[in-house]
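If you want the building blocks of each chain, they are given just below.
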Amino acid sequence: MKAEYPEGWKDYELVDCGGFEKLERYGSYYLARPEPKAVWDKTLGEEEWKKLTHTRFSPGAGFGKAGKEDSGTWERLRRMDDQWYIRYDGKGPSFRLRLGLTSFKHVGVFPEQASNWEYIYARTKALADKAKAEGKPAPKVLNLFAYTGAASLAAKAAGADVTHLDSVRQVVTWARGNMEGSGMDGIRWVIEDALKFARREARRGNRYQGIILDPPAYGHGPDGEKWKLDECLFEMLGCVASILAPEDSFMVLNLYSNGFSAMLGETVVREAFKIKAGSRAVIDSGELALQDRSGKVLPLSIFVRLSR
């Protein structure tokens, strides 16, 4: 099984993981958070964790149950800002991200996604360069379930015409701030249910050269639409297949659900896109992971990438 990790990211580091927790450095701040996949022992002792940690997240009752993620609280152990910025300077993309302590333990970025950002940038840049040489418009990239927009920024930095969609207005506002803080502009912002939007784009016959989707296990649209990954993913991918350009295009699917393997994800994509033997489409799949200072590997999500 192939695993991919962030490389050379100065503003991020997984320091240690174990005991169902992870200790991470974001810029100059160290954060301790729950991590259900860290089933082994910590390498550093509790005193070392406490000495390093600026803030530690304590989950509320019921936190992490299937379909539910109750809020918790951050315990401040050392002085730090409520919001701060880090930079991502990769092999291709470069942008700035605002981070903050949310009541659901998230901070505004999923660092293991860095290799997806690199893929999105490289693939988009190749399409943009080809379009420019042929006198065609910039490639159109659609980012569904787009959160705070790091993948949108990677595509924009590569020269794409980007549409960023999320169902939560505050998250889209956060993403817009990341765009402006990175010195970019021109991203199209959409606050809507992802499946409803994809269905409409299919009816209209709209096409994109790149589509990115990182759907949650459970979620709700702005008008109360219900999303359940097991029930909706295949239909969503069918819509994506109908709006992705048949040539010179790519798709990136990321899944955090514990019930999905890379093999399952690849099979779902093959079936939704009706890819048969001999097809020119190239599919790549594997796991996104982080590696701590002692070398322990923490797998966090699976990815499937399609290119044609």
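Provided above is the structure to which this section pertains.
Residues numbered from 1 in each chain as written. Predicted model: local features only at pLDDT ≥ 70, side-chain atom pairs only at ≥ 80, totals over all residues. Heavy atoms only, no water.

**Brief notes about the sheet that holds strand β11 (residues 188–191)**
So, step 1. The mixed open sheet is built from eight strands, whose spatial order is β1-β16-β17-β15-β12-β9-β10-β11. Each end of this open sheet is capped by a strand with a single partner; those strands are β1 (3–4) and β11.
So, step 2. Across four bridges, the pairing between strand β9 (residues 140–144) and strand β10 (residues 161–166) is parallel. Its bridge partner being in β10, K140 is matched across the sheet by D161.
So, step 3. Its contacts with the sheet put helix α7 (residues 262–272) on β15 (250–255), β16 (282–291) and β17 (297–307), and the angle it makes with β17 is roughly 20 degrees. (Pairing = 2+ DSSP bridges. Helix = DSSP H or I, 4+ residues; strand = E, 2+ residues; numbered from the N terminus. Contact = heavy atoms within 4.5 Å. Axes fitted to C-alpha atoms, helices over the stretch in contact; angles between N-to-C directions.)

**Regarding unusual backbone geometry**
So, step 1. The phi dihedral of F20 falls on the positive side, at around 65 degrees, and the residue is not glycine.
So, step 2. Inspection of the secondary structure puts F20 in the loop between β2 (12–18) and β3 (21–26).
So, step 3. One non-glycine residue, F145, lies in positive phi territory at about 55 degrees.
So, step 4. Counting through the fold element by element, F145 comes out in the loop between β9 and α3 (150–157).

**Notes on the environment of K274**
So, step 1. Structurally, K274 can be placed in the loop between α7 and β16.
So, step 2. By relative accessible area, which is 65% here, K274 ends up exposed. (Buried < 20%, exposed > 50% of the residue type's maximum accessible area, 1.4 Å probe, protein only.)

**Remarks on the sheet that holds strand β4 (residues 29–34)**
So, step 1. Ordered in space as β2-β3-β4-β5-β6, the five strands form an open sheet in which the pairing is mixed. Single-partner strands in this sheet number two, and they are β2 and β6 (73–76). Each neighbouring strand pair of the sheet contributes to a mean axis angle of 20 degrees, computed without reference to strand direction.

**What to know about helix α4 (residues 169–181)**
So, step 1. Between its first and last C-alpha, α4 extends 18 Å over 13 residues, near the 18 Å set by a 1.5 Å rise per residue.
So, step 2. Along α4, the residues classified as buried are V171, V172, W174, A175, N178 and M179. Down the axis of α4, the buried side of the element spans an arc of 155 degrees, and every buried residue falls inside it. With respect to the buried face of α4, the exposed residues turned more than 90 degrees away are R169, Q170, T173 and E180.
So, step 3. Summarising the contacts, the buried residues of α4 are in contact with β8 (94–100), α3, β10 and β11.
So, step 4. Positive phi shows up at G183, right after α4, with a value of about 75 degrees. (Expected span 1.5 Å × (residues − 1). Arc of directions from axis to C-beta.)

Any link to function would need more than the numbers given here.
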